[in-house]
Amino acid sequence: MTTEEPFPTVLAGHVALCIKCHTLTNAPVAVRWIQSNSGPGTTLYACPDHAAELTPGPLPGELERGA
């Protein structure tokens, strides 16, 4: 919070940044998952318009042995 913005915008629900067009979307589609050696992995999202254009995967669980 800054003095210029005493009441910042709070977005409700699941909102994510599209990795293609870099806009916020209220209907994010998981398209990739980045594994981390320390801590939890990161899921990357796309808006519905760009989700079909991106090559999917891997998603959580797809890189585990025996899956």
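Scroll up to find the structure this text is about.
Reading the values: the criteria
- Residues numbered from 1 in each chain as written.
- Predicted model: local features only at pLDDT ≥ 70, side-chain atom pairs only at ≥ 80, totals over all residues.
- Heavy atoms only, no water.
- Helix = DSSP H or I, 4+ residues; strand = E, 2+ residues; numbered from the N terminus.
- Buried < 20%, exposed > 50% of the residue type's maximum accessible area, 1.4 Å probe, protein only.
- Contact = heavy atoms within 4.5 Å.
- Areas by Shrake-Rupley, 256 points an atom, 1.4 Å probe, with all protein chains shown as cover.

Participant: Tell me what's going on with the overall build of the chain, and back it up with residues and numbers.
Facilitator: When its secondary structure is counted, the chain shows one helix and four strands. For the chain, the N- to C-terminal ordering of α and β elements is β-β-β-β-α. Relative to its full complement of 67 residues, the chain shows a buried share of 16%. If you take every contact in the chain between residues at least 6 apart in sequence, the share linking residues at least 24 apart comes to 37%. Surface exposure of the chain reaches about 5,300 Å², of which carbon and sulfur atoms provide 55%.

Participant: Tell me about the environment of Gly13, and please be specific about residues and values.
Facilitator: With respect to the helices, strands and loops of the structure, Gly13 is situated in the segment before strand 1 (16–17). Remark: the alpha-carbon pair of Gly13 and Asn26, spanning 13 residues in sequence, is separated by 7.6 Å.

Participant: Outline the side chain of Thr25, listing residues and values.
Facilitator: Summarising the element assignment, Thr25 is placed in strand 2 (residues 24–25). The residues touching Thr25, leaving out its near neighbours within four places in the chain, are His14, Val15, Ala16, Ala46, Cys47 and Pro48.

Participant: So what about the side chain of His50? Which residues, and what values?
Facilitator: Structurally, His50 can be placed in helix 1 (residues 48–51). His50 sits in the buried class, given a relative accessible area of 18%. The contacts of His50, once residues within four sequence positions are left out, are Cys18, Lys20 and Cys21.

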